[in-house]
Each structure stands twice: as structure tokens, then as C-alpha cells.
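Each chain is listed here by its residues.
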Amino acid sequence: MLKHLVLTRVLVHLAAKPKPYRAIDTHAGLGVYDLEAEEAGRTGEWHDGFGRLEAPFAADVEALLAPYRAAVAAVRARHGATTYPGSPAIIREHLRAGDKGVFVELHPVDAETLGARYASDSRTKVMHLDGWTALNALIPPPERRGLVLIDPPYEERGEIDRLGQHLLKAARKWPTGIYLGWYPIKDLSAVDRMAAALDAGLERPALRLDLMIERPDDPTRLSGTGLVVINPPWMLAAEAELFLPALAERLARSGYGAFRSERLGRSE
């Protein structure tokens, strides 16, 4: 949810200017998910996440959530009332006539499914490729405006450090691109280490946005998620100060919800 909300806010800001942009999703997945499918029903995680958003927030928070809610509604109108959009679907709903969406997926079956889903949309392209390889190969894009979303599966040790290293390299290759790097929060020290390396090495401004829904006292348990946003739109920090505390309060478990919004790198 945090990832998709921040992604939506960045897409809204990119669309505020008439020049076209390109949105690259390096680990795209299936694009659309059925909340009543066996896997979603077995874990039931969405009930404590998206399921808690049904009740409205305060008006200023709702104004920020409105494009995200609209994207969810559009995907459900297209694919069914029990579906939930992954990041490719959210990107697709925001593309204008001249914009491009590039969705990269390594898993062959998922890539085939994704390709079939978006084959009729000339604004989108699906690539069967390793996401880390794609990150280096696809930047800078021809439009010179846009974003890169990096959301690896985190199935191997050291992936959070790897995310930081790739973000530093990418920001040097395409300094004006907007980068969103998502990470799970289990071992908070690993996130702190990655953030410190980015703060020391980035020549561009960045934000660290964390949303905690349980106390981070067990490194084997998912207690929250976060995003590093390099070259954030100028209003994003102020927006995060509104929606992060609202989400932390709404999604808190066992009476604990917390958030972090801090600047990294070099301010412009």
C-alpha cells in the first residue's frame, strides 16, 4: 500500500507537466491480483492492509489518496471487483497518450501473463529480463523524464544493501530520474545501514519513507515497509507528513504504529 500510494503521488506530479515521461518497473510481477484467489485468501494479509482503507480519512489525507483510489476503481472496473492492482496496473492507469510504461519480469510464466495483459496497449512494453540488468540497460530513457520503481523479491540475503548500491549507480547514470526503491522492514539495522550509505554517496536529494505497523523488535518478522525516493517531487515530503501518520494510526497492530520521513543525500 505505501509503495502504491507513493508511486501514484509521483505519477500525479509527473503528469503535472505536458512533456511525456517513461515509467519503468524493474520487478513487475503479474500486474493484477485476485484477492479471492487461493494464495491471497490463505494469507489474508490484505484484510489488515488495503482492507482497512474502506473508511475515509480526514479531507486533506483523502485528497492525496484520491488518485490511488481512482486507480484501484479503474482496475476493478476492468478486471473484476475482487482484484487489486500491482504497480504495472497503477502505472498503466496514469499513462497519457505520449507516456510509456515498461514492465520487466524475470519469471517466464509471469512475464507471459503480463505481456498478454498489456499486448493491446501501445503505451506499454513488457520485457522478460532480470530486473537488475534492466535497471542499468534502460536508463536514461529517450524521454529524459520519468521514474524507475525497484521492488525485488528479497529472497536472498543482502538484498537491501544491493538495493542501495544499485540506486547509487543508477543515480549517477541518470541523475535527473526519479527512483523509488521499496524494501521490507524486518532487521531495522539493515535499512539504517543502506540509508546511511545513500546519504553519504548520493549527489541528489532523496527521501526515506518508512511505515511501521508492529514494533521492530523481531528481525524475523515483517514489521513495516519503506521506500527510498531519489529526486522526489518537491511536494512529496509535505504530502508524506500528512498520509504517513494517518496510515500508521489506521494500520497499527497490537497498539503500535509509527512512521519516518527523513531527507537523504544532497539537497538542491
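Calculation notes
Residues numbered from 1 in each chain as written. Predicted model: local features only at pLDDT ≥ 70, side-chain atom pairs only at ≥ 80, totals over all residues. Heavy atoms only, no water. Helix = DSSP H or I, 4+ residues; strand = E, 2+ residues; numbered from the N terminus. Polar contact = N/O pair within 3.5 Å; in protein donor to acceptor, adjacent residues only side chain to side chain. Core = buried A, V, L, I, M, F, W, Y, C linked by side-chain atoms within 4.5 Å. Buried < 20%, exposed > 50% of the residue type's maximum accessible area, 1.4 Å probe, protein only. Contact = heavy atoms within 4.5 Å. UniProt positions renumbered as here; feature names shortened; annotations may be inferred. Pairing = 2+ DSSP bridges. Phe/Tyr/Trp six-rings, centres within 6.5 Å; stacked < 30°, edge-to-face > 60°. Lys NZ or Arg CZ within 6 Å of the ring centre and 35° of its normal.

For the rest of this paragraph, the subject is the environment of Asp121. With respect to the helices, strands and loops of the structure, Asp121 is situated in the loop between helix H5 (108–117) and strand S5 (124–128). Along the sequence, Asp121 and Gly101 sit 20 residues apart, while their C-alpha atoms lie 9.8 Å from each other. Side chain to side chain, Asp121 and Arg92 meet in a polar contact 3.1 Å long.

Core analysis: the biggest nonpolar cluster contains 80 residues, and Val6, Leu147, Tyr179, Leu180, Tyr183 and Phe243 have the highest contact counts within it. If near-sequence neighbours (up to four positions away) are discounted, Leu147 is found in contact with Leu7, Val10, Leu11, Leu14, Arg22, Ala23, Ile24, Trp174, Ile178 and Leu180.

Per the UniProt annotation, the sites labelled "active site" (unreviewed entry) are Asp151. By the element assignment, Asp151 lies in the loop between strand S6 (146–150) and helix H7 (159–173). Discounting chain neighbours no more than four positions away, the residues touching Asp151 are Lys3, Thr26, His27 and Trp182. Here the side chain of Asp151 touches Lys3 through a polar contact of 2.4 Å, side chain to side chain.

The next point concerns the UniProt feature "binding site: S-adenosyl-L-methionine" (unreviewed entry) in the protein. Within this structure's numbering, the places UniProt gives as "binding site: S-adenosyl-L-methionine" (unreviewed entry) are His4, His27, Ser87, Glu105, Asp130, Gly131 and Asp151. By the element assignment, Glu105 lies in strand S4 (residues 100–105). Setting aside residues no more than four positions away along its own chain, Glu105 makes contact with His27, Ala28, Gly29, Asp110, Ala111, Leu114, Met127, His128 and Leu129. A polar side-chain atom of Glu105 sits 3.0 Å from the main-chain amide nitrogen of His107. Tracing the chain through its elements places Asp130 in the loop between S5 and helix H6 (131–137). When sequence neighbours within four positions are dropped, the list of residues in contact with Asp130 reads Val104 and Leu106.

The subject of this paragraph is the pairing of strand S1 (residues 22–25). The side chains of a regular strand alternate, first on one face of the sheet and then on the other. Side chains Arg22 and Ile24 of S1 all project onto a buried face; the interleaved residues Ala23 and Asp25 project onto the opposite face, where all are buried too. Where S1 and S4 come together, 4 bridges link them in parallel fashion. Each bridged residue has a counterpart across the sheet, and for Arg22 the counterpart in S4 is Lys100. As judged from the 4 bridges shared by S1 and S6, these two strands associate in the parallel manner. Bridging from a neighbouring strand, Asp25 pairs with Leu149 of S6.

Before going further, it helps to spend a moment on unusual backbone geometry. At the junction of Ile139 and Pro140, the peptide bond is cis and its omega measures out at -5° in the coordinates. Summarising the element assignment, Pro140 is placed in the loop between H6 and S6. Backbone geometry at Arg144 places phi at a positive 65°, although glycine is not the residue there. Within the chain, Asn231 stands out as a residue other than glycine whose phi angle is a positive 55°.

Taken as a whole, this structure holds 3 aromatic pairs when the rule is applied. Aromatic side chains Trp174 and Tyr179 sit 6.0 Å apart centroid to centroid with 75° between the ring planes, which places their arrangement in the edge-to-face category. This pair shows no difference in class: Trp174 is buried, exactly as Tyr179 is. Directly above the aromatic system of Phe57 lies the positively charged group of Arg250, at a separation of 3.9 Å from the ring centroid.

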